[in-house]
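Structural features, examined
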Amino acid sequence: MWEQIAANRRKSFLLVMSAALLLGLLGWAGGEYFLGKGGGAGGVLVALVVWLVMTLAAWFQGDGIMLSVAGAHRVQKDDFPQLFNIVEEMTLAAGLGRMPAVYVIDDPAPNAFATGRKPENAAVAVTSGLLRTLDRDELQGVVAHEMAHVRNRDIQLMLFAGVLAGAIVILAETGLRGMWMGGGRSRSRREGGADGNGLAALLAIVLMILAPILAQLIYFAVSRRREYLADASAASFTRYPEGLASALEKISLAPQRLGGATSATAPMYIINPLKRAGQAAANATGTHPPIDERVRILRAMGGAGFVDYDRSYREVTGRGGVVPKSALAGDGAQAPAARPAPDRPAPSTRENARQVDDFFYRKGGYRTVACACGTTLRIPPDFATPSAKCPRCGTMHDLR
Amino acid sequence: MKCPACRVSMYVVEYRRIELDLCAACDGVWFDRGELDLLLGDEPVLAQVATADEPTRACPLCDRPLDKVNIGPGGRVLVDRCPQGCGLWFDRHEVAELVADLDDAAGGLPPAVREFLAEVFPAKGGK
C-alpha cells in the first residue's frame, strides 16, 4: 500500500509541475503581450503571486471554504449514531490514525465527499438525501470510498490540483478580457510594433484559450483514476463490494440534483453532482468514471481484495490494470465477503429519515408542536400566520 | 420550503412518521418524493400528463415548471407533478376530491398514498 501512496505523491508532483509549467508559460506570454518585449519575467511573477495567494488560501482555509460552500453542518455522535459508527469502523479499516470530522449537508440529492489537507484533519461529508436513501451496508460502502480518498491522500492532491487549475483559469480569463478591451499592445502597435511581440501575442492568445482546457484535462485525468482506486479500497475495507455497488446505483438513479455543487467542487463528490440523468457526454469527459462501469466492476469482483478488483477492472473495461503493483502483491486476493445481507434486520428507513430531518429542523430553528390527535407540526421560523391548523383534527395551534 | 402557489413558507405535518408540507394560506399540500418513497418503496406514481388552463406552478425544490397530471377516480383529478420527480402538489380541493370516496378506483395514484391522505385529511362529515 505504501507504494500506492508514494505513487500518488509522485503523481501529485508531476501534476503540480506540468500545471505549474502551464501557469508559468501563460504568465510569460501574457507578460510579453501586455508589458511589451521583455515583460515575460514580470508576467511569470504575476502568475506566481496569484498562484501562491490562492494556494495559501486553500491550504489554510480550503476545507473550510469547501464545507461552507456545500452548506455542511458538523455533527456529533448523538445526532447520527449509525453514521458515526460507520465512520469509526472505516477509520480502523483504513488504518487512519484519527477519525475524520463528520459533516451532514441538507440536500435531498444523495451524495458524499471528503476534504482536508492531511489525513489527520480530514472531514467526511454526506448529504441528508444519502442518509435517507441508503441502508447500512450501502452507507458503509460510500463512507469507505471517502475514507480511501483520505487515506490515499487524494483529497490533498485534488485540493492543489483544483487551485492550480483555478489560477490558470483566472489568469487566462483576465488576460483575454484585457485583450478584448484593447489593453497592452495598442501603444506598441502605434509605434510600429516590435517584431518579436507578434509571436508572443499569438502565443498569448492561443495559450489563454487552451490553458484552461489543458488544466481541466490534467485535473480530470488524475481524478478519474482516483475514483477507481477508491472503489477498490472501499471493497477491501468493507469486504463487501455489493454495498458500494448498490449505493452507487441508488445515488445515480436519484432524480434530485445537488444544490450546493459547482464545477470546482464537483470532483470531490462520490458521484459527479452536476451530471443529469441520461446525459451520456458527461461519461466521456467527466471527473468521474461512468457509474454503470464502476458498478459492473464491483459486482464482477468475486472477492473483495485489490487483486479481485484489478482482475474485474481488466475484464469489464478491457483496459490495463488500475491498481498499483505493490498493492496487488501486498494485499492478495481477499476471501469473498461472507455477509448474509438479507439476515440483518432491515433498517427502519422512516426512523432514519425522521432522525435526519429532526436534526435539520433543530438547526433551522423550526418549532415543534405535538397535536393530541397524533400528528406533529413543524413550524418554520419565517412562518407568516400566527396559528397553524392540524389538518387531521382541525385544532388551531396558537403560535404566539 | 415555499408554497408553489402562494410563495410563503409552508409548515410540516408529520403523521405515522411520514411528512407532508402544508400551506397555511391556500391549504395546498406538497407530497415530497422522499416521503412518497418512504410510504411506497419503489412503486411509481403513474399518471397521464395533461394540459389544463390551471396556472402553471414551479417545483418548490428544483424550480422547474410542474406537469399537470390526471389521477384519482376516473382520472378526473388534476394534480401537479415535478418532471424531475421531486414530488406531487395537491391544491386544496384536489385533496378533498381524492379522499371523498375511497371505494372509487384510484387511477394512477397508489392506494397507500390516497389512504394516507385520507387519514391526514379526513373528509368533512366523514368518520
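Residues numbered from 1 in each chain as written. Chains lettered and ligands numbered in written order. Predicted model: local features only at pLDDT ≥ 70, side-chain atom pairs only at ≥ 80, totals over all residues.

Another point: the overall build of chain A. Each helix and strand counted, chain A has 14 helices and 8 strands in total. Buried positions account for 46% of the 400 residues belonging to chain A. Considering only intrachain contacts with a sequence separation of at least 6, the fraction spanning at least 24 residues in chain A is 67%. (Helix = DSSP H or I, 4+ residues; strand = E, 2+ residues; numbered from the N terminus. Buried ≥ 20, exposed ≤ 12 C-beta atoms within 10 Å, placed from the backbone. Contact = placed C-beta atoms within 7 Å.)

What follows deals with the overall build of chain B. On a plain count of helices and strands, chain B comes out with 3 helices and 7 strands. The order of helices and strands in chain B, counted from the N terminus, is β-β-β-α-β-β-β-β-α-α. Across the 127 residues that make up chain B, the buried fraction comes to 43%. Here the analysis covers contacts within chain B between residues at least 6 apart in sequence; of these, 42% occur between residues at least 24 apart.

Time to look at helix 9 (residues 241-253) of chain A. An α-helical turn contains 3.6 residues, so a residue and the one three or four places further along point in the same direction. For helix 9 of chain A, which comprises 13 residues, the first-to-last C-alpha distance of 19 Å matches the rise-based estimate of 18 Å (1.5 Å per residue) to within 8%. Among the residues of helix 9 of chain A, those classed as buried are P241(A), E242(A), G243(A), L244(A), A245(A), S246(A), A247(A), L248(A) and I251(A). (Expected span 1.5 Å × (residues − 1).)

Paired through backbone hydrogen bonds, the strands of a sheet run either parallel or antiparallel to each other. All names here are of chain A. Within the open sheet, the 4 strands sit side by side as 1-2-4-3. Their pairing is mixed. Each edge of the open sheet is held by one strand with a lone partner, namely strand 1 (72-74) and strand 3 (112-115). With strand direction ignored, the average angle separating the axes of adjacent strands in the sheet is 25°. As judged from the 4 bridges shared by strand 3 and strand 4 (residues 123-127), these two strands associate in the antiparallel manner. Within the sheet, the bridge partner assigned to T115 lies in strand 4 and is A123. (Pairing = 2+ DSSP bridges. Axes fitted to C-alpha atoms, helices over the stretch in contact; angles between N-to-C directions.)

A few words now on the packing of helix 9 of chain A against helix 11 (residues 291-299) of chain A. Residues and elements named next belong to chain A. Here helix 9 crosses helix 11 at 160°, and the two axes come no closer than 8 Å. Taken as axis vectors, helix 9 and helix 11 run roughly antiparallel relative to one another. Crossing of helix 9 against helix 11: the hand is left-handed. Where helix 9 abuts helix 11, its residues P241, L244, A245, L248, E249 and S252 lie against I291, R294, V295, L298 and R299. Here the contact of helix 9 with helix 11 is built from residues that sort into 7 nonpolar, 1 polar and 3 charged. (Parallel < 35°, antiparallel > 145°, perpendicular 65-115°, else oblique. Left-handed = near helix turned anticlockwise from the far one by under 90°. Nonpolar A, V, L, I, M, F, W, Y, C, P; charged D, E, K, R; others polar.)

What follows deals with the packing of helix 1 (residues 33-40) of chain B against helix 3 (residues 111-120) of chain B. Residue and element names in this part refer to chain B. Orientation of helix 1 relative to helix 3, taken along the N-to-C sense of each, is 105°, at an axis distance of 9 Å. Our classification of the angle between helix 1 and helix 3 gives roughly perpendicular. Facing helix 1, whose interface residues are L36, L39 and L40, helix 3 presents A112, V113 and F116.

Let's shift gears to the interface of chain A and chain B. Counting residues at the interface gives 25 residues for chain A, matched by 22 residues for chain B. At the level of secondary structure, the elements contributing two or more residues to the side of chain A that touches chain B comprise helix 14 (349-363) and strand 6 (376-379) of chain A. In terms of residue count, the dominant contributor to the side of chain A that touches chain B is helix 14 of chain A (6 residues). Class assignment of the residues belonging to the side of chain A that touches chain B gives a composition of 10 nonpolar, 6 polar and 9 charged. The pairing of strand 6 of chain A with strand 1 (residues 11-15) of chain B spans 3 bridges and is classified as antiparallel. Each residue of the ladder has a partner; that of T376(A), found in strand 1 of chain B, is E14(B).

The next thing to look at is the nonpolar core. L26(A), A125(A), L164(A) and I168(A) are the most contacted members of the largest nonpolar core, which has 136 residues in total. Among residues more than four places away in sequence, those in contact with A125(A) are L67(A), A70(A), A72(A), Y103(A), I105(A), A112(A) and F113(A). (Core = buried A, V, L, I, M, F, W, Y, C linked by C-beta atoms within 7 Å.)

A few words on the confidence of the model for chain A. All names here are of chain A. For chain A, the average pLDDT comes to 79, and 79% of its residues sit at 70 or higher. Ignoring residues within four places in sequence, the model shows residues 186-194, a span with pLDDT below 50, making 5 contacts including any to other chains. Note on residues 276-285: pLDDT is under 50 here. Beyond four places in sequence and across chains, it has 6 contacts. (pLDDT = per-residue confidence, 0-100.)

This part covers helix 2 (residues 92-100) of chain B. All names here are of chain B. Of all the positions in helix 2, only E94, V95, L98 and V99 are classed as buried. Along the axis of helix 2, the buried positions cluster into a sector of 120°, meaning they face one direction only. Buried-residue contacts for helix 2 involve strand 3 (29-32), strand 6 (77-81), strand 7 (87-90) and helix 3. (Arc of directions from axis to C-beta.)

This part takes up the environment of L96(A). Residues and elements named next belong to chain A. With respect to the helices, strands and loops of the structure, L96 is situated in the loop between helix 3 (81-93) and strand 2 (101-105). Of the residues examined, L96 has 16 C-beta atoms within 10 Å and is grouped as partly exposed. Placed 80 residues apart in sequence, L96 and V16 show a C-alpha to C-alpha distance of 26 Å. Those residues in contact with L96 that sit more than four places away from it in its chain are T91, P119, M147, V150 and R151.

With respect to the helices, strands and loops of the structure, D78(A) is situated in the loop between strand 1 and helix 3. Each C-alpha atom, one on D78(A) and one on M54(A), is 37 Å from the other, the two residues being 24 residues apart in sequence.

Residue and element names in this part refer to chain A. Its location among the elements puts V323 in the loop between helix 12 (306-317) and helix 13 (325-331). Owing to 22 C-beta atoms within 10 Å, V323 belongs among the buried residues under this scheme. Here the alpha-carbon distance between V323 and E89, two residues 234 residues apart in the chain, equals 24 Å. Ignoring sequence-local partners within four residues, the contact set of V323 consists of L229, A232, F306, Y309, D310 and L328.

In this section: unusual backbone geometry. Here R239(A), not a glycine, exhibits a phi torsion of approximately 55°, which is positive. With 18 C-beta atoms packed within 10 Å, R239(A) lands in the partly exposed category. With phi around 50°, R16(B) is a residue other than glycine that occupies positive phi space. Looking at where R16(B) falls in the secondary structure, it is placed in the loop between strand 1 and strand 2 (18-22). The class of R16(B) is partly exposed, set by 13 C-beta atoms lying within 10 Å.

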